[in-house]
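Coordinate inspection notes
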Amino acid sequence: MDFSLTDDQQLLRDTATKLVERECPPSLVREHMEDPSVYASLWEHLSDFVPLGAGPATDLCLFLEQTGYAAAPGPFLATALYTSLTGDDEHTGTVAFLDDPMNPFVLEADRVERIAMITPDASVATVDTASVEDRLRFVSTIDYSRRVFHLSAAELDLDFTPLDPDAFAAWTDRTNVSVAAETTGTARRIFDMSLEYAKERKQFDRPIGSFQAIQHKLADMSLALQRATAAVQYAAMTCDAAAGDRTIACHSAKAAAGEAARRILKDGAQIHGGIGYTWEHDLHLYLRRATADEDLLGTTSWHLDRIASLLFDVA
Amino acid sequence: MQLAWGPEDEAFRADLIAFLDEHTPPEVLGGFDFSGDLGDDVELVPQWSRDWQATLFDHGWMIPGYPPELGGRNCTPVQTLIYLETLSSRRIPRSGHFPGYAIVAPSLLEFGNDEQRAMAPSAIRGDTIWCIGMSEPNAGSDLAGLQTRAELFDDHFVVNGQKVWTSYVTIAQKCFCYVRTDPTLPKHKGISLLIIDVDTPGIDIRPLRHINGQAGFAEVFFTDVIVPRENLVGELNGGWAITQGSLAHERAGLWVESVGRLEQTVQGLVELAQKLGRADDPIIRRKIAQFHELASSLRAMGYKGFSSFAQGSSAPEHSYMKMATSEAGKAAYELGMEIVGPLAAVTDDTFADSGRWSHGFFMSFANTIAGGSSEIQRNIIAQRILGLPRS
């Protein structure tokens, strides 16, 4: 079991890190709250990496951790999910889960060319977004960095093709670890901001990071982050190897990422004190993304219940 | 990043499994209970366990990364990891007493003179049983505050003072003992390390019973104990560097075993819930799932840290493992008691499962204290890994 990055993976991660640092500063995420069209300048660069969606999960997750770190707006994650389902890397796309209460919304539907609709019995129909435009309604959430939509699918007459059940299961697992990778990146951003703040902010004539109460909080936050990071990388490796524990590993990664994000965003906000509660401080851009991410592709509790089923109900 | 090991490593695993299949004593296979042994007067290190350690040594399977004369076969770090995970998954302990092979031998090899290095093989083979004299009544987490005094007179030291929580001292021949040799220096700088024969006149051992009633560790009193000067390990007043080293030896290899034990405890929770008809309880199910997620992410962290280590980089992941697995273990036993319900605290053995989990719960208290408490671990993470200023 080798967690070390290949030279290519190192390069990919460095490239992603520099790209989002340059093209997706907090100011862009902030502007995106008022003017969603500003994602376009970032997308010009991110769109070059769409083929990652159909490549190894380990590479994709390394990249997604960086888009999550920057709370990058735009259809990169949605297209990655779409591409790996359909194999189509010529178009931007997103996925819509029909009649699925755990996945009620469609990511980034106004920014993609195609929507792959998935029925509960794992059949798929892909449509031009334009053809269902009047069925899409923007849904506002606390997270301004993503755009989600409600799709009215009633009486939608489409030609659904059943998917190979094994391939669909593999794709589902991959989606879970993909979202977990982005969430972990966002959690890492909040952690980094909180650690830096604890070193700078002085009270009682010393940095608050010298107080044991703050140190222990940050130690526990960093443990949660390390766990989520390792769980995501492990789960991505199980996807690439089609390993026997792939499904439970991907559920675990999603749950670990959700738990890490929740702990880090709460304690990170606490460490920032009053300034972190203000609109002008950038912290809330990432708190919003991390909070909303937990509900993307299944809540932490839902994934834990899937893990329980695999532990208890499978012989 | 990839899951599979290389063919040479798989061949190594096959060799190990063939050896274990042939040589593992039956007592090992039946004897390990993840909730701890309930017996009152179990022998601390039974004869079969001593024989097993010697067999491992003689076949080069005691510390496989070491050369044959030290009980190994010069295997790679990856193979060492395969070795540890194979033993852990089969619940096979290497030894009934860890200080000698895990702490004393590596420290002697690194810091000792020729004569002291020559003591390492018998420490690893278990022919000599060692204990470690670190903690004192007033030096627990603040280990550098230790006060046991050793005065140097020409060719010998005279030792006076007291150690406490000294595991294995009741059966040990030798003690790896940290003493204060210069009380005028700052506390980290006046400490030396002595090898003290446990049967030296002036040593008084008083066993202490554990919280579960078993005898395990002891208090050790030193009154005018004469120790030859050549028993000094490393430099005079240079002992602190060795304490740091020995604790590192203790922690680096422990995660595989501690994560393995946590996973076995989680599996025990699943079986317990099934047996007691709680397998459909959504709260119990979700809590157990959380432990599965915790254990599997810690295992992934351990491997990830190992990959850094094998490439010569630092592995911050491993600094978290002791705290994380010990805290998780304690919480897992709590969940076991919750599943057992009203019988959890009952020790009358006419009731199935009674007492077993509460007993394990008590046992688990040791793990968040010994070898550096969870609070000290958090201080270390905050200051050494996260770079926060000392409080």
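Preceding block: the structure.
Keep in mind it's a predicted model, so treat the numbers as computed, not measured.

What follows deals with the overall build of chain A. For chain A, the helix and strand inventory stands at ten helices and nine strands. Rg of the C-alpha trace for chain A: 19 Å, near the compact-globule value of 20 Å for 315 residues, within the 12% margin. Dimensions of chain A, computed from C-alpha atoms along their principal axes, come out at roughly 70 × 50 × 40 Å. Put simply, chain A has 315 residues, and 58% of those count as buried. Accessible area of chain A: about 12900 Å², with a carbon and sulfur share of 50%. Across chain A, the centroid of the 27 positively charged side chains sits 10 Å from that of the 49 negatively charged ones.

Our focus in this paragraph is the side chain of Ser178 of chain A. As for its position among the elements, Ser178 of chain A is in helix 6 (residues 165-200). Apart from residues no more than four positions distant in its own chain, Ser178 of chain A is found in contact with Leu60, Cys61, Leu64, Leu77 and Leu81 of chain A.

What follows concerns the sheet that holds strand 7 (residues 161-162) of chain A. Residue and element names in this part refer to chain A. Pairing within the open sheet is mixed, and its four strands lie in the order 1-3-4-7. The sheet is open, and its two edges are formed by strand 1 (93-97) and strand 7, each paired on a single side. One ladder, built from five bridges, connects strand 3 (residues 114-118) with strand 4 (residues 123-128); its direction is antiparallel. Considered in strand 4, the bridge of Ala116 is made with Thr126. In the packing of helix 5 (residues 76-86) onto the sheet, the strands contacted are strand 1, strand 3 and strand 4, and the crossing angle to strand 1 comes to about 80°.

For the rest of this paragraph, the subject is a negative patch on the surface. Together, Glu115, Asp154, Asp155 and Glu230 of chain B line one region of the surface with negative charge. Its location among the elements puts Asp155 of chain B in the loop between strand 2 (149-153) and strand 3 (156-163).

Quick look at the sheet that holds strand 5 (residues 136-139) of chain A now. Residues and elements named next belong to chain A. Spatially, the three strands line up as an open sheet ordered 2-6-5, and their pairing is antiparallel. With partners counted over all chains shown, the strands left at the sheet margins are strand 2 (106-107) and strand 5, one partner each. Across four bridges, strand 5 lies against strand 6 (residues 148-151) in antiparallel orientation. When the bridges of strand 6 are listed, Phe138 appears paired with Phe149.

Here the focus is the pairing of strand 1 (residues 130-133) of chain B. Residues and elements named next belong to chain B. In strand 1, alternate side chains face the same way, and those of Trp130 and Ile132 on one face and Cys131 and Gly133 on the other are all buried. With four bridges joining them, strand 1 and strand 4 (residues 174-180) adopt parallel strand pairing. Along strand 4, the bridge assignment pairs Gly133 with Cys177.

All right, on to the packing of aromatic side chains then. For the structure shown, the criterion picks out 22 aromatic pairs over all chains. Arranged with centres 6.1 Å apart and planes meeting at 85°, the rings of Phe204 of chain A and Phe211 of chain A form a pair that is edge-to-face. The interplanar angle of 5° and the centroid separation of 6.2 Å between the aromatic rings of Trp61 of chain B and Tyr83 of chain B together place this pair among those described as stacked. Of the two residues, Trp61 of chain B is situated in the loop between helix 3 (47-58) and helix 4 (77-89) and Tyr83 of chain B in helix 4; the sequence distance between them amounts to 22 residues. The buried category is assigned to Trp61 of chain B, whose relative accessible area is 3%. Grouped by ring-pair contacts, the aromatic residues Phe12, Phe19, Trp52, Trp61 and Tyr83 of chain B constitute a single cluster. One cation-aromatic arrangement involves Arg111 of chain A over Tyr39 of chain A; the distance from NZ or CZ to the ring centre is 4.0 Å.

One finds Phe76, Val95 and Leu218 of chain A together with Ile124, Phe176, Ile288 and Leu298 of chain B to be the most contacted residues of the largest nonpolar core, which totals 184 residues. With 16 residues, the single largest contributor to this core is helix 7 (residues 212-241) of chain A. Apart from the residues within four sequence positions on either side, Val95 of chain A is in contact with Leu81, Tyr82, Leu85, Val106, Ala116, Ile118 and Trp171 of chain A. Ranked by size, the runner-up nonpolar core spans 20 residues in total, among them Cys131, Cys175, Cys177 and Val198 of chain B.

Across the boundary between the two partners, chain B contributes 43 residues, which contact 50 residues of chain A. Carbon and sulfur atoms make up 65% of the surface buried where chain B meets chain A, a total of about 4100 Å² over both sides. Scanning the region where chain B abuts chain A turns up four salt bridges. For Arg378 of chain B, the salt bridge goes to Asp220 of chain A, with nearest N and O atoms at 2.8 Å. In this structure, the connection of chain B to chain A is made through 19 residue pairs in polar contact (both at pLDDT 80 or more). Put simply, the parts of the chain that give the side of chain B that touches chain A at least two residues each are helix 9 (254-275), helix 10 (282-310), helix 11 (317-340) and helix 13 (374-385) of chain B. Among the elements that take part in the side of chain B that touches chain A, helix 10 of chain B stands out by supplying 16 residues, more than any other. For the side of chain B that touches chain A, a count of residues per class yields 23 nonpolar, twelve polar and eight charged.

We now examine helix 11 of chain B. At 3.6 residues per turn, the α-helix brings residues three or four places apart onto the same side. Residue and element names in this part refer to chain B. Taking 1.5 Å per residue, 24 residues should reach 34 Å; helix 11 reaches 34 Å between its end C-alpha atoms and fits that length. Of all the 24 residues making up helix 11, 18 are buried; the element is thus mostly covered by neighbouring parts of the structure. In the segment just after helix 11, Gly341 is the residue with positive phi, at about 75°.

Scoring rules and cut-offs
Residues numbered from 1 in each chain as written. Chains lettered and ligands numbered in written order. Predicted model: local features only at pLDDT ≥ 70, side-chain atom pairs only at ≥ 80, totals over all residues. Heavy atoms only, no water. Helix = DSSP H or I, 4+ residues; strand = E, 2+ residues; numbered from the N terminus. Rg over C-alpha atoms; globule rule 2.2 N^0.38 Å. Buried < 20%, exposed > 50% of the residue type's maximum accessible area, 1.4 Å probe, protein only. Areas by Shrake-Rupley, 256 points an atom, 1.4 Å probe, with all protein chains shown as cover. Lys, Arg positive; Asp, Glu negative; His and termini not counted. Charge placed at Lys NZ, Arg CZ, Asp CG, Glu CD. Contact = heavy atoms within 4.5 Å. Pairing = 2+ DSSP bridges. Axes fitted to C-alpha atoms, helices over the stretch in contact; angles between N-to-C directions. Patch = residues over 30% accessible without salt bridge, like charges linked within 9 Å, V, L, I, M, F, W, Y side chains within 5 Å. Salt bridge = Lys/Arg side-chain N within 4 Å of Asp/Glu carboxyl O. Phe/Tyr/Trp six-rings, centres within 6.5 Å; stacked < 30°, edge-to-face > 60°. Lys NZ or Arg CZ within 6 Å of the ring centre and 35° of its normal. Core = buried A, V, L, I, M, F, W, Y, C linked by side-chain atoms within 4.5 Å. Buried area = accessible area lost by both parts, 1.4 Å probe. Polar contact = N/O pair within 3.5 Å; in protein donor to acceptor, adjacent residues only side chain to side chain. Nonpolar A, V, L, I, M, F, W, Y, C, P; charged D, E, K, R; others polar. Expected span 1.5 Å × (residues − 1).

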